[in-house]
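A structural walkthrough
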Amino acid sequence: MAEDVTFLDLAALIKIGSGAQLERLGSALNSSIFDASNIAGALKQKGLIEFTANYPGPNNIIVTEAGKALVAEADSRSAEAFDRLDETILSQLSGGKRLPIELQNTLGIRSKDLAMRLYKLFKQGYMSYEIKNGNVEILLTEKGFLSTKAADVQAYQQSSQQLSEQANAPTQQATPMETEIPSRSRKHVRRTIFAVAAIAVIIIAIAVMEHFGLIQRI
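Here the residue numbering is sequential within each chain, running from 1 through the sequence in written order. In keeping with the predicted nature of the model, local features appear solely for residues at pLDDT of at least 70, side-chain atom pairs appear and are counted solely at 80 or more, and the whole-chain, interface and lining totals rest on all residues. In computing side-chain properties, one takes all heavy atoms of the structure into account and sets aside hydrogens as well as water.

1. What about the pattern of salt bridges?
Definition used for salt bridges: Asp or Glu carboxyl oxygen within 4 Å of a side-chain nitrogen of Lys or Arg. All told, the structure shown has 10 salt bridges when counted by the stated rule. Here Arg-77 makes a salt bridge to Glu-73, at a shortest N to O gap of 3.6 Å. Pair noted here: Arg-77 and Glu-73 are both in helix H4 (residues 65-77), with a separation of 4 residues, about one helical turn. Across the salt bridge formed by Lys-112 and Glu-73, the nearest N and O atoms sit 3.4 Å from each other. Residue Lys-112 is located in helix H7 (residues 111-123), and its partner Glu-73 is located in helix H4; the two are separated by 39 residues in the primary sequence. On the accessibility criterion, Glu-73 (25% relative accessible area) is partly exposed. Linked by salt bridges that have partners in common, Asp-83, Asp-86, Arg-117 and Lys-120 make up one network. Secondary structure elements are defined from DSSP: runs of H or I of at least 4 residues count as helices, runs of E of at least 2 residues count as strands, and each element is numbered from the N terminus. Burial classification: accessible surface area is computed with a 1.4 Å probe over protein chains only, and a residue below 20% of its type maximum counts as buried, one above 50% as exposed, and the rest as partly exposed.

In structure tokens form, the structure reads like this:
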């Protein structure tokens, strides 16, 4: 099975189904005959459909075994649990992304993986899509919108809690050696100051006594 399958391929394949007529493909895909022909050509090139080439028609479209296997895989994977990648896709849709190619360029994942994820979100009611003008446009449903807002609130609460924990974390206590050295230094400084002050008082007292003749120089 081709790994370059896109969500447009999957959506168109489901929309067409077996038994559709190539001449009526434009109305089935809500696109012009030119755009519908391009979609049908891409599906055929990837081995997902076959169609007859009768002129002037009608020409029937037949979904190949590879096409049926792709739809079956998408249906199977659509029942998987909602996870962080699904949350990220919804967040991108909430931010304004509407086309699968925009999501693929932003997320950097394979087109087939993205197609499976989008189909899963569609089946679980988080988004809807519409094929028109040869492309597929994606929109959030109410469930998808509320899910993104709940995720934003949770992320904000977690960030606030982390900041609060960092602010309230106790500072690292100094080791006994680190506290002992400053304490000894402070004691030494105090003793030096007291000694200098005492000597200064004695000198001043002697000078005063000499001035008034209370003592005589030897």
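2. Description of the environment of Gln-124
Counting through the fold element by element, Gln-124 comes out in the loop between H7 and strand E3 (127-132). Taking the C-alpha atoms as reference points, Gln-124 and Phe-82, 42 residues apart in sequence, are found 9.0 Å from one another. Throughout, a residue-residue contact means that at least one pair of heavy atoms, one from each residue, lies within 4.5 Å. If we ignore the near neighbours within four places in the chain, the residues touching Gln-124 are Ser-78, Ala-79, Glu-80, Phe-82 and Lys-143.

3. Brief notes about the packing of helix H1 (residues 7-16) against H4
To obtain each axis, a line is fitted to C-alpha atoms, and for helices this fit is confined to the stretch in contact; angles are then taken between N-to-C directions over 0 to 180 degrees. Two elements in contact, H1 and H4, have axes whose closest approach is 10 Å; the angle formed by their N-to-C orientations is 105 degrees. Judged by the inter-axis angle, H1 sits roughly perpendicular to H4. Each of Leu-10, Leu-13 and Ile-14 in H1 lies in contact with H4, whose residues at this interface are Gly-67, Leu-70, Val-71 and Ala-74. Side-chain classes follow a simple rule in which Ala, Val, Leu, Ile, Met, Phe, Trp, Tyr, Cys and Pro form the nonpolar group, Asp, Glu, Lys and Arg form the charged group, and the remainder, Gly included, forms the polar group. Its residues assigned to classes, the contact of H1 with H4 comprises 6 nonpolar, 1 polar and no charged. For classification purposes, angles smaller than 35 degrees are called roughly parallel, those larger than 145 roughly antiparallel, those between 65 and 115 roughly perpendicular, and all remaining angles oblique.

4. Examining empty space enclosed by the protein
The distinction between a cavity and a pocket rests on a 1 Å grid over the protein atoms alone: a 1.4 Å probe fits inside a cavity but cannot get out, while a pocket stays open yet meets protein on both sides within 12 Å along at least five of seven lines, and a residue with an atom within 4 Å of a point counts as lining. Grid points are joined across faces, edges and corners, and a volume is the space filled by probe spheres set on the points. Taken as a whole and judged by the stated rule, the model has 1 cavity of 30 Å³ or more. If you add up the space inside the largest cavity, you get close to 30 Å³. Arg-77, Glu-80, Met-116, Arg-117 and Lys-120 together form the lining of the largest cavity. With 3 residues, the single largest contributor to the lining of the largest cavity is H7. Of the residues that constitute the lining of the largest cavity, the class distribution is 1 nonpolar, no polar and 4 charged.

5. Here we look at unusual backbone geometry
Although it is not a glycine, Asn-30 sits at a positive phi angle of roughly 55 degrees. Position of Asn-30 relative to the elements: it lies in the loop between helix H2 (25-28) and helix H3 (33-45).

6. A short note on the packing of H4 against H7
H7 packs onto H4 with a crossing angle of 55 degrees between their chain directions and a minimal axis gap of 8 Å. Overall, the two elements H4 and H7 adopt an arrangement that is oblique. Between H4 and H7 the crossing geometry is right-handed. In this structure, H4 contributes Leu-70, Glu-73, Ala-74, Asp-75 and Arg-77 to the contact, and H7 contributes Lys-112, Asp-113, Met-116, Tyr-119, Lys-120 and Lys-123. Among the residues forming the contact of H4 with H7, the class breakdown is 4 nonpolar, no polar and 7 charged. Two helices cross in a left-handed way if the nearer one is turned anticlockwise from the farther one by less than a right angle. They cross in a right-handed way if the turn is clockwise.

7. Some thoughts on the pairing of strand E4 (residues 135-140)
Pairing of E3 with E4 involves 6 bridges; the strand directions are antiparallel. Counted as the bridge partner of Lys-132 is Asn-135 from E4. Being paired, for any two strands, means DSSP has found at least two bridges between them. Between the antiparallel neighbours E3 and E4 lie 2 residues, among them Asn-133 with a positive phi of about 55 degrees.

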